[in-house]
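Structural features, examined
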Amino acid sequence: MTTDRTDERDGNHAPSGTPQTPPATPEPEEPGRPRGVVAAADAGVASAVQAAEHARAQFTEVVRTPEITRRLALLWDPPAPATRGRKPRLTLDDVVQAGIAVAQEGGLDALSMRRVATELGVGAMSLYTYVPGRTELVDLMVDRAYAELDLPVAGAPWRPALAQYAHELWNLYLRHPWILQTNMWRAPLAPHVLDAQEAGLRTIVDTGLSELQVVDTLGLVDNYVQGLARATVAERTERDATGVGNDEYWTTLGSFWEDWFDVERYPVMTRVYVAGGFDAPQGPFDASLDRLLDAVEMAIDRASARPAG
């Protein structure tokens, strides 16, 4: 579907002069609780002091552009609904939910401010009083979807906890396949997205793996789930578009093996085929996840067997 972007100028942001709702003044989540690493470090929070020192070693300069400031403020400190004057016709939540509905139906290619406005029955320009543009809207949509996750609790045994984490992401991607159309390596720094990463990290952080191994291991699980989910979504899309399922598709190509396959060029493939290696159903999630967790367990056992120091 072709996306109409005539209302999204200069990177899908509101045109100059469009009224904007300014970000509310940041307030701490709890009374007396500082927000941000620097403020927490200044307040004497030990872990924040360490984090601030590490950050200073990595970043020689902190850059705050208006676009990034606006983007992060919408995620972490969205403007409160107006309490004076006439009640607004819409809320920010309405806009986010409409964006998700559009993406569910046609994917991210179908998502535009104009299309979301049509979903809500309002003019496109009116949306810019709630969200500056498409980029910020996608951030909010992703965060809203991640809020659905039932994440493993702290202190649970690592293997069932990590399996729960993987299953929750798997089901999330199948419910909201448009998430997989985003750049997962640039996921929004949003509360519920970071909640998921925090939960994943804590499943294995105290298993004996080093911190680098923890990050690598969780990345392996994330990439596995995302890759298999993409393949599953692509197969469902192909099946729905053609009416031909995976097994039926490969049956139609059965003549290839008799007319074209070269057993001498592909001896290992032939050996595996004759032994029944390709007979298992394609992409069973639980079975392959178990094998991945077996590999994680072996890495944990090796790390635990290393002498301290």
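For the structure itself, consult the block above.
Within each chain, residue numbers correspond to sequence positions counted from 1 in written order. Where local features are concerned, this predicted model is filtered to residues with pLDDT of at least 70; where side-chain atom pairs are given and counted, the filter is 80 or more; whole-chain, interface and lining totals use all residues. Side-chain measures were taken over the full set of non-hydrogen atoms in the model, leaving aside hydrogen atoms and water.

**Looking at the pattern of salt bridges**
Threshold: Basic side-chain nitrogens of Lys or Arg form a salt bridge, by our definition, when they fall within 4 Å of a carboxyl oxygen of Asp or Glu. For helices the rule is a DSSP run of H or I covering at least 4 residues; for strands it is a run of E covering at least 2, with both sets numbered from the N terminus onward. Think of it in three bands: with a 1.4 Å probe and only protein chains considered, a residue is buried below 20% of the maximum accessible area for its type, exposed above 50%, and partly exposed in between.
With the rule as written, the count across this model stands at 9 salt bridges. For R71, the salt bridge goes to D139, with nearest N and O atoms at 2.4 Å. Taken together, the residues R71 in helix α4 (residues 66–76) and D139 in helix α8 (residues 134–146) connect sequence positions 68 residues apart. D294 is the salt-bridge partner of R159, the closest N and O atoms lying 2.9 Å from each other. Of this pair, R159 sits in helix α9 (residues 158–175) while D294 sits in helix α15 (residues 285–305), placing them 135 residues apart in sequence. By relative accessible area, D294 is classed as partly exposed at 36%. Put simply, E105, R115 and E119 are held in one network by salt bridges that share partners.

**With respect to the nonpolar core**
Note the threshold: We call a set of buried residues a nonpolar core when its members are Ala, Val, Leu, Ile, Met, Phe, Trp, Tyr or Cys and they connect through side-chain atoms within 4.5 Å of each other. In what follows, residue pairs with any heavy atoms lying within 4.5 Å of each other are defined as contacts.
In terms of nonpolar packing, the biggest core is built from 66 residues, with Y146 and Y173 touching the most fellow members. The element best represented in this core is α9, accounting for 10 residues. Every residue in contact with Y173, bar those within four places of it in the chain, is listed here: Y146, I179, L180, M184, V225, Q226, A229 and V233.

**Some remarks on the environment of N171**
Inspection of the secondary structure assignment puts N171 in helix α9. Once the C-alpha coordinates of N171 and V225 are considered, the two residues, 54 residues apart in sequence, prove to be 9.7 Å apart.

**A closer look at the packing of α8 against helix α10 (residues 191–204)**
The geometry of a pair of packed helices is captured by two quantities: the angle between their axes and the separation between those axes. Our working definition: Every axis in this analysis is a line fitted to C-alpha atoms, fitted for helices over the stretch in contact. Angles between the N-to-C directions lie between 0 and 180 degrees. Working rule for angles: under 35 degrees goes down as roughly parallel, over 145 as roughly antiparallel, 65 to 115 as roughly perpendicular, anything else as oblique. The sense of a crossing depends on the near helix, which, turned anticlockwise from the far helix by less than a right angle, makes the crossing left-handed and, turned clockwise, makes it right-handed.
α10 packs onto α8 with a crossing angle of 45° between their chain directions and a minimal axis gap of 7 Å. Between α8 and α10, the angle is such that the two are oblique. You can see that α8 and α10 cross each other, and the crossing is left-handed. Contacts from V142, D143 and Y146 of α8 reach α10 at P191, H192, V193 and A196.

**Regarding a nonpolar patch on the surface**
To keep it simple, the criterion reads: For patches, a residue must show more than 30% relative accessible area and have no salt bridge; joins then use 9 Å for like charges and 5 Å for nonpolar side chains, namely Val, Leu, Ile, Met, Phe, Trp and Tyr. Computed with the Shrake-Rupley method and a 1.4 Å probe, the accessible areas treat only the protein chains shown as cover for residues.
A contiguous nonpolar patch, built from Y266, V268, M269, V272, Y273, V274 and F278 and spanning about 710 Å² of accessible area, is present on the exposed surface. Here M269 is to be found in helix α14 (residues 267–274).

**Considerations on the environment of A303**
As for its position among the elements, A303 is in helix α15. Discounting chain neighbours no more than four positions away, the residues touching A303 are G208, L209 and Q213.

**Concerning the packing of aromatic side chains**
How we decide: Each Phe, Tyr or Trp ring, with Trp reduced to its six-membered ring, pairs with another whose centre is within 6.5 Å; inter-plane angles below 30 degrees give stacked pairs, above 60 give edge-to-face pairs, and intermediate values give tilted ones.
Enumeration over the complete set of coordinates arrives at 7 aromatic pairs. Aromatic side chains F256 and W257 sit 4.8 Å apart centroid to centroid with 80° between the ring planes, which places their arrangement in the edge-to-face category. Seen in terms of ring centroids, F261 and Y266 are 5.6 Å apart; in terms of plane orientation they differ by 25°. Their pairing is stacked. Members of the aromatic cluster, connected to one another through ring pairs, are F256, W257, F261 and Y266.

**A look at helix α5 (residues 92–106)**
In plain terms, the rule: By this rule the span expected of a helix is its residue count minus one, scaled by 1.5 Å.
With 15 residues, α5 extends 21 Å between its outermost C-alpha atoms, agreeing within 8% with the 21 Å of an ideal straight helix rising 1.5 Å per residue. Here α5 has its buried residues at L92, V95, V96, A98, G99, I100, V102 and A103. As for α5, its buried residues are in contact with α4, α6 (113–120), α7 (124–127) and α8. Directly beyond the C-terminal end of α5, a positive phi value near 75° is found at G107.

Just geometry here; none of it tells us what the structure is for.
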